[in-house]
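For reference, the chains in residue letters:
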Amino acid sequence: MASTEPTSRVRTLADLARLAGVSAGTVSRALAGKALVNAETRERITALATEHGFRPNQMASRLRTRRTGVIGIVVPLGHERRQHLSDPFFMTVLGHLADALTENGYDVMLSRVIPDAEDWLERIVDSGMLDGVMLIGQSDQHAAIERVARRYRPLVAWGSQLPGQVHCAVGTDNVAGGRLAGARLLARGAKRIAFLGETRTPEIRQRWDGVSAVVAAAGLEPPLQLDTHLASDVMEQEIAGHLDRVLDRIDGIAAASDVIALTTMRVLADRGRRVPDDLPVIGYDDLPLASQAMPRITTVRQDIAGGTRAMVAALFRRIAGEDTPSVIMEPVLVERDSG
């Protein structure tokens, strides 16, 4: 049987250039697909590279172009250090971002960061390892993100746009989303609403503000704000403790996320309360789990797929040297069974 091994090992551009009878520069341009090399020569060089098992030195190429081919995806957890990357919201956003980046030829470096010093983000962007950084959430690190964004252009965050904000963020109008949730509960007849969420992050604070505004406009008592962390190992116990204290005083729940809504419905079921007959529950995000839960969760949809596409587009434009504005998406109420 004839051997399928290449007849010789070509290790450098110069080796391949000698074999092809062209210059090393022509080989480099041909393998990069440059139009400066005619199609016939490109095809011949590419075929020779394949035949002789030649793999271009990617590190050397990146040094020449001053590009690493790597984008950092960072999840900052200053407000909730126990939260995991396995959180369904993080996984949904991460999946969309990673798909878009790898389809465009980039590798991804993922970091879950517990900010341990004021310069945590500076250490990331100045590492020399990345062409750009995408943040999944702003946590309580708005000041740190603003400081870095003033000098580092290829930075885009999922999150809120605050007055005077420098950094580019893509996210939903969370005040409007909170208003949708509050209005839905009022339409269901609720008059004493509880909001389950921890309001130190801009996004969740704005959701609380939206719910509160609708309730105030209706002339009702302000909602009860019940701190509920997003870490899965404490969430259920916190919700159970809250409901054991206030369950007889509330008739509707606005949850800061679908995960909180789902956990709340489980706690209510353990206490013999029916959703929505005894207590309507509204979520936020419209993650896949919202349509899979029983009952299915009425929620405020963030267009995560569209938002992540906008993040990637903005990052690429920023890598190219452009400035891009923040994107604020309109939320949509998705009516299902829970409220």
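Everything below is about the structure printed above this text.
These lines cover the structure that appears in this document, whether it is placed above or below. (Residues numbered from 1 in each chain as written. Predicted model: local features only at pLDDT ≥ 70, side-chain atom pairs only at ≥ 80, totals over all residues. Heavy atoms only, no water.)

1. A few points about the overall build of the chain
Right, so step 1: Along the chain, the regular secondary structure elements total 13 helices and twelve strands.
Right, so step 2: Counting across all 339 residues of the chain, residues that qualify as buried make up 51%.
Right, so step 3: Across the chain, contacts joining residues at least 24 apart in sequence account for 70% of those joining residues at least 6 apart.
Right, so step 4: About 16100 Å² of surface is accessible on the chain, with carbon and sulfur atoms providing 51% of the total.
Right, so step 5: Where the 40 positive side-chain charges of the chain centre and where its 42 negative ones centre are 5 Å apart. (Helix = DSSP H or I, 4+ residues; strand = E, 2+ residues; numbered from the N terminus. Buried < 20%, exposed > 50% of the residue type's maximum accessible area, 1.4 Å probe, protein only. Contact = heavy atoms within 4.5 Å. Areas by Shrake-Rupley, 256 points an atom, 1.4 Å probe, with all protein chains shown as cover. Lys, Arg positive; Asp, Glu negative; His and termini not counted. Charge placed at Lys NZ, Arg CZ, Asp CG, Glu CD.)

2. Looking at the sheet that holds strand β3 (residues 132-136)
Right, so step 1: The six strands are arranged β2-β1-β3-β4-β5-β11 in an open sheet whose pairing can be described as parallel. At either margin of the open sheet sits one strand with a lone partner, and together these are β2 (107-113) and β11 (327-329). When the angles between neighbouring strand axes are averaged without regard to direction, this sheet yields 15°.
Right, so step 2: As paired strands, strand β1 (residues 70-76) and β2 are joined by seven bridges and run parallel to one another. (Pairing = 2+ DSSP bridges. Axes fitted to C-alpha atoms, helices over the stretch in contact; angles between N-to-C directions.)

3. Side note on the packing of helix α10 (residues 232-246) against helix α11 (residues 258-270)
Each pair of packed helices can be described by the angle between their axes along with the distance between the axes.
Right, so step 1: Interhelical geometry of α10 versus α11 gives an angle of 55° and a closest axis separation of 9 Å. As summarised for this structure, α10 and α11 are arranged oblique, according to the angle between their axes. Handedness of the α10/α11 crossing: right-handed. When α10 is examined against α11, the residues Met235, Glu236, Ile239, Ala240 and Leu243 are found in contact with a partner set consisting of Val259, Ile260, Thr263, Thr264, Arg266, Val267, Leu268 and Asp270. (Parallel < 35°, antiparallel > 145°, perpendicular 65-115°, else oblique. Left-handed = near helix turned anticlockwise from the far one by under 90°.)

4. A short note on the sheet that holds strand β12 (residues 332-334)
Right, so step 1: Spatially, β7-β6-β8-β9-β10-β12 is the arrangement adopted by the six strands of the open sheet, whose pairing is mixed. Every other strand in the sheet has two partners, leaving β7 (224-226) and β12 as the edge strands with one partner each. Neighbour to neighbour, the strand axes of the sheet diverge by 20° on average, direction disregarded.
Right, so step 2: Both strand β6 (residues 193-196) and strand β8 (residues 252-255) contribute to a ladder of four bridges, which runs parallel. Note that in β8 the partner of Leu196 across the bridge is Ala255.
Right, so step 3: Against the sheet, helix α9 (residues 202-217) engages β6, β7, β8 and β9 (281-285), with an angle of about 175° to β6.
Right, so step 4: Running at roughly 150° to β7, α10 makes contact with β6, β7 and β8 of the sheet.

5. Considerations on helix α7 (residues 142-149)
Right, so step 1: Among the eight residues in α7, six count as buried, and that is most of the element.
Right, so step 2: Within the span of α7, buried status applies to His142, Ala144, Ile145, Glu146, Val148 and Ala149.

6. With respect to the pattern of salt bridges
Right, so step 1: Across all of its chains, the model carries 21 salt bridges by this definition.
Right, so step 2: One salt bridge connects Arg200 with Asp140, and the closest N-O pair in it is separated by 3.5 Å. Within this pair, whereas Arg200 is found in the loop between β6 and α9, its partner Asp140 is found in the loop between β3 and α7, the two being separated by 60 residues in sequence.
Right, so step 3: Exposure remark for Arg200: the relative accessible area of 46% places this residue in the partly exposed category.
Right, so step 4: A cluster of three or more residues bridged by salt bridges with shared partners is formed by Asp116, Asp119 and Arg123. (Salt bridge = Lys/Arg side-chain N within 4 Å of Asp/Glu carboxyl O.)

7. Some remarks on the packing of aromatic side chains
Right, so step 1: Following the criterion strictly, the structure yields four aromatic pairs and no others.
Right, so step 2: Look at Tyr106 and Phe316: their rings are 5.4 Å apart centre to centre, the planes differ by 25°, and that puts the pair in the stacked class. Of this pair, Tyr106 sits in the loop between α5 (88-103) and β2 while Phe316 sits in helix α13 (residues 304-319), and the two are 210 residues apart along the sequence.
Right, so step 3: Taking the relative accessible area as the measure of exposure, Phe316 reaches 24% and is therefore partly exposed.
Right, so step 4: Taken together through their ring pairs, the aromatic side chains of Phe89, Phe90 and Trp158 make up a single cluster.
Right, so step 5: Taking the ring centre of Tyr284 as reference, the NZ or CZ of Arg207 above it sits at 3.9 Å. (Phe/Tyr/Trp six-rings, centres within 6.5 Å; stacked < 30°, edge-to-face > 60°. Lys NZ or Arg CZ within 6 Å of the ring centre and 35° of its normal.)

8. Here's the deal with the side chain of Glu146
Right, so step 1: With respect to the helices, strands and loops of the structure, Glu146 is situated in helix α7.
Right, so step 2: At 4.2 Å, Arg150 is the nearest oppositely charged side chain to Glu146, a buried residue that forms no salt bridge.
Right, so step 3: Setting aside residues up to four positions removed in sequence, Glu146 forms contacts with Gly164, Gln165, Val166 and His167.

9. Here we look at unusual backbone geometry
Right, so step 1: In the segment running from Val275 into Pro276, the intervening peptide bond is cis, with an omega of 10°.
Right, so step 2: In this structure, Pro276 sits in the loop between α11 and β9.
Right, so step 3: Unlike most non-glycine residues, Asp286 shows phi in positive territory, near 60°.
Right, so step 4: By relative accessible area, Asp286 is classed as buried at 16%.

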